[in-house]
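Inside the fold
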Amino acid sequence: MNTDPDCLFCKIVAGEIPSEQVYSDEQLIVFKDINPKAAVHLLIVPREHIISLKELEKKHDSLIAHIMHLLPKIAQEQGLENGFRTVINTGTGGGQLIFHLHFHLLGGEGLSGAGFSRAV
Ligand code: AMP
Ligand code: ZN
């Protein structure tokens, strides 16, 4: 599996940098964002070092499907019965700061209404 020793999220996956994990399995880990933009702000991070959505390959299809199915389950576990927001920033133009693919899961107090203007 591809990893990058200089990547912050690879270090978190490896346990070299601490994180507040709420879920993990053989394909991914889920932990709390260090700078939460809402009452619930989690990051879903594949164990494999994939830079962004742009680098996804066909072989990642089952991983992506797994994440899509997991998102509502984790949201429910976090008490987000009314719904949640999922954000994927891609590239510098998309506001991506950490170049290891991750899905933001946000919900609860502090989350703005219907707009997409909020920077995550
Ligand atoms: P993005 O702009 O999509 O690349 O988002 C990166 C996210 O990672 C931001 O929301 C940061 O607050 C978050 N982040 C950065 N360092 C850490 C860390 N050590 N633990 C948890 N979250 C982090
Ligand atoms: Zn990485």
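Residue indices follow the written sequence of each chain, beginning from 1 at its first position. Lettering for chains starts from A, numbering for ligands starts from 1, and both go in the order in which the items are written. With the structure being a predicted model, the display of local features is reserved for residues of pLDDT at least 70 and the display and counting of side-chain atom pairs for 80 or more, all residues being used for whole-chain, interface and lining totals. Calculation of side-chain values draws on the structure's entire complement of heavy atoms; hydrogens and water are dropped beforehand.

**Quick look at the overall build of the chain**
The following threshold applies: Helix and strand assignments follow DSSP, with helices taken as H or I runs no shorter than four residues and strands as E runs no shorter than two, numbered in order from the N terminus. A radius of gyration in this sense is built from C-alpha atoms; the matching globule rule multiplies 2.2 Å by the number of residues raised to 0.38. A 1.4 Å probe rolled over the protein chains alone gives each residue an accessible area, and that area as a share of the maximum for its type sets the label: buried under 20%, exposed over 50%, partly exposed in between. Reported accessibility uses the Shrake-Rupley method at a 1.4 Å probe radius. Residues are deemed covered only where the shown protein chains occlude them.
For the chain, the helix and strand inventory stands at 2 helices and 5 strands. Scanning the chain from its N terminus toward the C terminus, one meets helices and strands in the order α-β-β-β-α-β-β. For the chain, the C-alpha radius of gyration of 14 Å lies close to 14 Å, the compact-globule estimate for 120 residues. Going through the 120 residues of the chain one by one, you find that 38% of them count as buried. Looking at the chain as shown, the accessible area adds up to about 7000 Å², and 53% of this sits on carbon and sulfur atoms.

**Focus on the pattern of salt bridges**
Close approach of charged atoms lets side chains of opposite charge pair. Stated precisely, the cut-off is as follows: In the sections that follow, a salt bridge refers to a side-chain nitrogen of Lys or Arg positioned within 4 Å of a carboxyl oxygen of Asp or Glu.
In this structure the tally under the stated criterion is 3 salt bridges. The partner of Lys59 in a salt bridge is Glu57, with the nearest N and O atoms 3.9 Å apart. Residue classification places Glu57 among the partly exposed residues on the basis of a relative accessible area of 45%. The partner of Asp61 in a salt bridge is Lys58, with the nearest N and O atoms 2.9 Å apart.

**Structural notes on the coordination of the zinc ion (ligand 2)**
For the record, the criterion: Only nitrogen, oxygen and sulfur atoms within 2.8 Å of the metal, or 3.2 Å for Na, K and Ca, are treated as donors, and water is left out, so sites may look incomplete. The rule is simple: four donors are tetrahedral if all their angles sit between 85 and 135 degrees, four are square planar and six octahedral if opposite donors span more than 155 degrees and the others lie between 65 and 115, and anything that fits none of that is irregular.
Coordination sphere of the zinc ion (ligand 2), protein contribution only: Cys7 (SG), Cys10 (SG), His49 (ND1) and His100 (ND1), at 2.0 to 2.3 Å. Around the zinc ion (ligand 2) sit 4 donor atoms, and with donor-metal-donor angles ranging over 105 to 116° the site reads as tetrahedral. Mapped onto the polypeptide sequence, the residues donating to the zinc ion (ligand 2) form the spacing pattern C-x2-C-x38-H-x50-H. You can see Cys10 sitting in helix 1 (residues 8–13) and its partner His100 sitting in the loop between strand 4 (85–87) and strand 5 (103–107), a full 90 residues away along the chain. Judged by its relative accessible area of 0%, His100 is buried.

**Side note on the site of ligand 1**
What counts is decided by this rule: Summary of the distance rule: residues count as near a molecule or strand when at least one heavy atom falls within 4 Å of that molecule or strand. Two N or O atoms count as a polar contact when they lie within 3.5 Å, although within protein this holds only if one can serve as hydrogen donor and the other as acceptor, and sequence-adjacent residues are included solely when both atoms are side-chain atoms. Side-chain classes follow a simple rule in which Ala, Val, Leu, Ile, Met, Phe, Trp, Tyr, Cys and Pro form the nonpolar group, Asp, Glu, Lys and Arg form the charged group, and the remainder, Gly included, forms the polar group.
Close to ligand 1 lie 16 residues; Asp33, Gly95, Leu97, His102 and His104 are nearest. A distance of 2.5 Å separates an oxygen atom of ligand 1 from a polar atom in the side chain of Asp33. Within the backbone of Ile98, an N or O atom sits 2.9 Å from an oxygen atom of ligand 1. When ligand 1 sits alone it has 510 Å² of accessible area, and the protein chains cover 88% of it. Those elements giving two or more residues to the shell around ligand 1 turn out to be helix 1 and strand 2 (28–32). Residue classes in the shell around ligand 1 are distributed as 8 nonpolar, 6 polar and 2 charged.

**Digging into the pairing of strand 3 (residues 40–46)**
Note the following rule: In this analysis, strands are considered paired if DSSP registers two or more bridges between them.
Across the 7 residues of strand 3, 7 count as buried, placing the element largely inside the fold. Strand direction decides the pairing type here: strand 3 and strand 5, joined by 5 bridges, are antiparallel. Bridging across to strand 5, Leu43 finds its partner in His104.

**Section: the packing of aromatic side chains**
This is how the line gets drawn: Any Phe, Tyr or Trp ring, taking Trp's six-membered ring, that has another such ring centre within 6.5 Å forms a pair; planes under 30 degrees apart are called stacked, those over 60 apart edge-to-face, and the others tilted.
The tally for this structure, following the rule as stated, stands at 1 aromatic pair. Aromatic pair Phe9 and Phe31: ring centres 5.6 Å apart, planes at 85°, arrangement edge-to-face. With Phe9 in helix 1 and Phe31 in strand 2, this residue pair connects regions lying 22 residues apart in the sequence. Residue class for Phe9 comes out buried when judged on its relative accessible area of 4%. Here Phe31 falls in the buried class, since its relative accessible area comes to 3%.

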